[in-house]
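Structural overview for review
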Amino acid sequence: MADSKSTLGEERRQRLAAAMREAGLDHVLLYGNAWQGDYLRYGADFGILEGHGLALVDADGAVELFLDSAADAERAELEAAGVRVHFAADIARAAGARLDRIANSRLAAAPRRFMPQWLADPARGFKLDDATALVDKLLMHKNAGEIDAVRRAARIADEAYVEFLKAVRPGRRQYEIVADIEAHLRERGCPDNFMIIGSGGKDVLGMTPPSERQIAVGDLVTTELTPAVQGYFAQICRTLVVGKANEAQRRAFAVYAEALEAGIAAVRPGARAADVAKAENDVFRKHGLGEYTTSQWTRVRGHGMGMFADSKPHILEDVNTVLEPGMTLIVHPNTYHPEAGYIVLGDAVLVTEGGVEVLCKTPRELFEVAA
Amino acid sequence: MRRGLISRSPIELPDAVLEARLDRVRAAMRDARLDVLIVYTNNTRPAGVSWLAGFVPYWSEALLVVPRDSAPYLVAALTFRVKTWIERVSRLGDVLHHPRIGLKAGQQIASVQKSAAVGIADFDGLPAGVAADLREGGPDLTPSDATALFTKLRSKADPAEIALATRAGAIAHHALQAPERGPLNAMIAAAEREARLRGAEEVYLAAAPDLTRGPRFMRIEGEASAGKFFALRATVAYKGVWVRLVRAFYDPEIAQKAAAQFAQAVAQLPSDRGFAGFGSFVVEGCRVAQPLEPLLGSQFEAANPLSPGALVSVQATVTVDGESVPVGAPVLIGAPGEAASLLIDPLFD
């Protein structure tokens, strides 16, 4: 595992350095925290967990990492191979002092909007151009090793959903179910997961972190499970019923299954993210549910997957990003249904030369668990 | 990301506690001639906002706007669909939703007072995009850095915060006690499950897998095995308060000596002289944004002073009979003239 991790990290670093040279950049400063850690991890091969960090990457591939968490700095010294780690309570000023020494070079930052504003202040002696698009392109287009990691994460997501089906029982509280899933993932050696949950009926408008709400007979229970392997996330979305699904729930679910199928069928090289969203939404419109494809009821119709659980491109009808082989996405027509409540259904997919490969293997059904 | 229980308890965090904190903030704002205070939050920097409103974002970002003379409101990038959830887990006057939180906050503040004096906690660390949007939304606002003001307010833990930290420490204690000696992955899983079942908002488990090779902690990915001597560290969040606790699986006699040396050094805080001779040590506490910010330690060039009554986390590597043993626990700094004390004992086998 450690060898494949460092190989993958080295490949990424080389790709970034090549892209920097092509763009005429001497140094790129990458920002990261545990929420948006993908840019930093791409260049520094370090998954930040606490505090925040900056990685200064040279066009020759050398990396310096500035971290303001003592726990993470200690971990980085063990986990980030070939990276020079600096522990500093004020990483902006520590990195700024370093940038002052190379201020005559061509410098850029990504994601620029997340940079500590002290670094972006025009009063500084250095100027940071915006390298966000450059890194975004690298994050979206994955090489074979990265795709393998996403594929393994999707397999773990499938297995975790089997555990989820076992964990949901009447009387259990939402957070107890999540405890079971997280423990299962840690036992499998999976260190990270993004997960939200919903349970209830027509009163439920979406998913959130777990609450103390107890599962009841007849509930729709929704979840997004998003485990990570070597920093690469893969997501699965499924809905279950506690007890026997009623006719309204079955009828509603059939729309989501049709929309997911339509969305996945639209994924191919050359298609736009908007085409996928439109394919999903057209199914809802056909069934008179067009209102529920709007931002009042749903956020996105899917999104990219990779080193961030909610990567670019967002699958929306106004996003014109062209899909290319090597991109990994989740297609999920998740939204509210007026007769059943909030329903989710989504699969991780890979854009291939010939079209699409579905990475999740869990059946697309409205599961039923014992009441 | 937060995956644990996020809920509000009117017993553990009554309205009166949050109101008392707001009263102190408003008094400091009057002294500093600030019309509005802004505190930024995301799931990695939740400390300031959770202290004032109980809100911890599981994802995304928000700004808490505290006008000097009216109720605080949240400007959140999370969508309208989670408004009821935010209101359920927080104490806020209102929640506004906008993808550009800086823009919306700037516009909202300026609509009330065009040239308001706006203090911003951790101004230098504010994301550049949010800062630019704030300027665009309120071009005539007068922003200033309110970090020192906010830090001073947070320096002494109030009784509610101490109670929550004690509860977090108890969760960490139970979590680290849960695993039987066995495969490392299974031990981590058992500890994580226990912490979450006891209501942890979040838990990070780290391991020093072989203390004969070094006392440093790492996150475990894939199959891992532990040596004869190893240690686990639980970092636990409970209702916005974070603690770290270490369990060392070591020769019991040596581990007990290490824990005693650690407690002896801790008692001398805020002076760090008790840590002389330790392999390393770090003291973390909450100043503004992050729940565990470094304050003092052996790797520091410049340390922040530890205030009387502060809640901190102390981690150290103690050398006993030539062996390096990691120890860590939450600590309450005493009033002037009083010794500091461990909030909960570190564990050892």
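Residues numbered from 1 in each chain as written. Chains lettered and ligands numbered in written order. Predicted model: local features only at pLDDT ≥ 70, side-chain atom pairs only at ≥ 80, totals over all residues.

1. What to know about the environment of Arg81 of chain B
Convention followed: Secondary structure counts use DSSP, requiring at least four H or I residues in a row for a helix and at least two E residues in a row for a strand, with both numbered from the N terminus. We call two residues in contact if the C-beta atoms placed from their backbones are at most 7 Å apart.
Checked against the element boundaries, Arg81 of chain B lands in the loop between β3 (73–76) and α3 (83–89). Along the chain, Arg81 of chain B and Met29 of chain B lie 52 residues apart, while their C-alpha atoms are 33 Å from each other. Residue contacts for Arg81 of chain B: discarding those within four places in its chain leaves Leu205 and Gly206 of chain A.

2. Topic: the interface of chain A and chain B
What counts is decided by this rule: Nonpolar residues are Ala, Val, Leu, Ile, Met, Phe, Trp, Tyr, Cys and Pro. Charged residues are Asp, Glu, Lys and Arg, and all others, Gly as well, are polar.
Between chain A and chain B, the residue contacts involve 48 residues of the former and 47 residues of the latter. Going through the elements one at a time, α3 (70–79), α5 (117–120), α8 (174–187) and β7 (192–200) of chain A are the ones with two or more residues in the side of chain A that touches chain B. The element that contributes the greatest number of residues to the side of chain A that touches chain B is α8 of chain A, accounting for 9 residues. Here the residues of the side of chain A that touches chain B sort into 25 nonpolar, 9 polar and 14 charged.

3. Things to note about the domain arrangement of chain A
Residues and elements named next belong to chain A. The line we're drawing: Domain start and stop positions are those given by an automatic or database domain assignment.
Under the domain assignment used here, chain A contains domain 1 (2–140) and domain 2 (144–369). Taking the mean C-alpha position of each, domain 1 and domain 2 sit 31 Å from one another. Taken together, the elements giving at least two residues each to the side of domain 1 that touches domain 2 come down to α1 (2–23), α2 (38–44) and α6 (132–140). Here the side of domain 1 that touches domain 2 gets 4 residues from one element, more than from any other, and that element is α1. Grouping the amino acids of the side of domain 1 that touches domain 2 by side-chain chemistry returns 4 nonpolar, 3 polar and 5 charged.

4. Here we look at the pairing of strand β8 (residues 220–229) of chain A
Residue and element names in this part refer to chain A. Let me state the cut-off plainly: Partly exposed residues are those falling between the two cut-offs: more than 12 but fewer than 20 other C-beta atoms within 10 Å of their own, whereas 20 or more means buried and 12 or fewer means exposed, with C-beta atoms placed from the backbone. If DSSP finds at least two bridges between two strands, the strands pair.
In terms of burial, β8 is largely enclosed, as 10 of its 10 residues are buried. Burial along β8 is two-sided: Leu220, Thr222, Glu224, Thr226 and Ala228 and Val221, Thr223, Leu225, Pro227 and Val229, pointing in opposite directions, are all buried. As defined by bridge partners, β7 adjoins β8 across 9 bridges and the pair is classed as antiparallel. Pairing of Asp192 across the sheet is with Ala228, part of β8. Bridge analysis of β8 against strand β10 (residues 236–242) gives 6 bridges, and the strand direction is antiparallel. Directly across from Thr222, in β10, lies its bridge partner Thr239.

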